[in-house]
Amino acid sequence: MAHCPFDFFTDGKKHNICLVGGGGKTTVMYELAAAWAACGRKVLALTSTHILQPADGSFAADAVAVHNLWQQRRYAVIGTPEFATGKLTAPPQDLYEALMLQADVILCEADGSRHQPCKVPAEHEPVFLPDCDMVLAVAGMDALGNSLQQACQRPQLAAELLGCSAEKIIDAQMLAALLLSEQGARKNVGKRTFYIVLNKCDLLPVAQQEKILRLLVRAGIDERRIWLRERGE
């Protein structure tokens, strides 16, 4: 079960949360969904792009299946199956609209990263849900020590944003810049509440974790809105 330090996890309010970035968005989304569902909340998970279909039976083909899962204190994943890839795309609009008012929490993966730990969004990304009130930006700490070319989706866009070569090795300052930029993880966030998930922090010494945390806090991100997440939480 996820250990989520964010205040919204226990506030009891309805939330519509979109996840962006790289480094394990789907894993984070499903873990949060499972933890909320275990607390008795009706959780709906989906994508506005593509996600892997869950292997735990959480996919619901229709509203009846969604309600059955909710009755079992489980989260429900809705979407349109792509049988060639085994992935899900956005659900039928009428199904989403029928369920969105009934759900306590909605989680949506709003862009893809092709398994890279960090990314810069393309012109058409991210694809936020209209009622999204929060954005969780995810970055994998395994990006550090690798080049933009190796570890960033759309490395050329990242290089242009950072003013460097795509062969530049990613350090804490560069990763923080990608997370903080309105051309990066904060693209189109607007007035939505913005949170950061630094994933796979167990790969880093504590001193390096503290360094990137300080960079983000100095840039104005409230420390309470940053999750230093380890694998297996």
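Up top is the structure.
Below you will find a few notes about this structure.

The rules behind the values
- Per-chain numbering applies: the sequence of each chain, read as written, is numbered from 1 onward.
- Only residues with pLDDT of at least 70 are given local features in this predicted model, and only at 80 or more are side-chain atom pairs given and counted; all residues enter the totals for whole chains, interfaces and linings.
- Side-chain calculation: all heavy atoms of the structure are included, whereas hydrogens and water are not.
- Should DSSP find at least two bridges between two strands, the strands are taken to pair.
- Helix and strand assignments follow DSSP, with helices taken as H or I runs no shorter than four residues and strands as E runs no shorter than two, numbered in order from the N terminus.
- The contact rule is simple, with two residues in contact once any of their heavy atoms fall within 4.5 Å.
- Orientation is described by axes fitted as lines to C-alpha atoms, over the contacting stretch for helices, and by angles from 0 to 180 degrees between their N-to-C directions.
- Buried, partly exposed and exposed residues are distinguished by accessible area as a fraction of the type maximum, computed with a 1.4 Å probe on protein chains only: under 20%, between the cut-offs, and over 50%, respectively.
- In the analysis that follows, any N or O atom pair within 3.5 Å is treated as a polar contact, provided that within protein one partner can donate a hydrogen and the other can accept it, and provided that, for residues neighboring in sequence, both atoms belong to side chains.
- Centre distance within 6.5 Å is the pairing criterion for rings of Phe, Tyr and Trp, where only the six-membered ring of Trp is used; planes under 30 degrees apart are then read as stacked, over 60 as edge-to-face, and the remainder as tilted.
- Ring-over charges, as used throughout, are those where CZ of Arg or NZ of Lys falls within 6 Å of the ring centre and within 35 degrees of the ring normal.
- Put simply, angles under 35 degrees are roughly parallel, angles over 145 are roughly antiparallel, angles from 65 to 115 are roughly perpendicular, and the rest are oblique.
- For any pair of crossing helices, the crossing counts as left-handed if the nearer helix is rotated counterclockwise from the farther one by less than a right angle, and right-handed if it is rotated clockwise.
- The span expected for a helix works out to 1.5 Å for each residue beyond the first.

### Let's talk about the sheet that holds strand E11 (residues 193–199)
Moving on, step 1. Pairing within the open sheet is parallel, and its 7 strands lie in the order E4-E2-E7-E1-E9-E11-E12. Each of the sheet's edge strands pairs with one partner strand only, and the pair in question is strand E4 (76–77) and strand E12 (226–228).
Moving on, step 2. Pairing of strand E2 (residues 43–47) with E4 involves 2 bridges; the strand directions are parallel. What sits directly across from Ala45, in E4, is Val77.
Moving on, step 3. Most of the contacts of helix H7 (residues 206–218) go to E12, to which it runs at about 175°, and overall it touches E11 and E12.

### Considering the side chain of Arg229
Moving on, step 1. Structurally, Arg229 is set in the segment after E12.
Moving on, step 2. Among the residues examined, Arg229 registers a relative accessible area of 2% and is labelled buried.
Moving on, step 3. Side-chain polar atoms of Arg229 contact the side chain of Asn199, separated by 2.5 Å.
Moving on, step 4. If we skip the residues at most four places from it in the chain, Arg229 touches Thr27, Val28, Glu31, Val197, Leu198, Asn199, Lys200 and Cys201.

### A closer look at the packing of aromatic side chains
The description of an aromatic ring pair rests on the distance of the ring centres and on the angle between the ring planes.
Moving on, step 1. If you walk through the whole model with that rule in mind, you get 7 aromatic pairs.
Moving on, step 2. Ring geometry for Phe6 and Tyr195: centres 4.7 Å apart, planes at 50°, overall tilted. Here Phe6 is found in the segment before strand E1 (15–21), whereas its partner Tyr195 is found in strand E11, with 189 residues between them in sequence. This pair shows no difference in class: Phe6 is buried, exactly as Tyr195 is.
Moving on, step 3. An aromatic cluster is defined as three or more aromatic residues linked by ring pairs; in this entry it consists of Phe6, Phe8, Phe9, Trp36, Tyr195 and Trp227.
Moving on, step 4. The lysine or arginine in question, Arg225, covers the ring of Tyr195, its NZ or CZ lying 5.6 Å from the ring centre.

### As for the packing of helix H6 (residues 172–180) against H7
Moving on, step 1. Where H6 meets H7, the closest approach of the two axes is 9 Å, and the angle between their N-to-C directions is 40°. The angle between H6 and H7 places the two elements in the oblique class. Where H6 crosses over H7, the two elements pack in a sense that is right-handed. Between H6, through Ala172, Gln173, Leu175, Ala176, Leu179 and Leu180, and H7, the contact on the second element is made entirely by Lys211, Ile212, Leu215 and Leu216.

### Side note on the sheet that holds strand E3 (residues 51–52)
Hydrogen bonding along the main chain pairs the strands of a sheet, whether they run parallel or antiparallel.
Moving on, step 1. Reading across the sheet, the 3 strands line up as E3-E6-E5 and stay open at both edges, with antiparallel pairing between neighbours. Whereas interior strands pair on both sides, the edge strands pair on one side only; in this sheet they are E3 and strand E5 (80–82).
Moving on, step 2. Pairing between E5 and strand E6 (residues 87–89): 3 bridges, direction antiparallel. Looking across to E6, one finds that Thr80 is bridged to Thr89.

### Describing H7
Moving on, step 1. Given a rise of 1.5 Å per residue, 13 residues ought to cover 18 Å, and the 18 Å separating the end C-alpha atoms of H7 matches this to within 8%.
Moving on, step 2. Buried-residue contacts for H7 involve H6, E11 and E12.
Moving on, step 3. Just beyond H7, the residue with positive phi is Gly220, at close to 110°.

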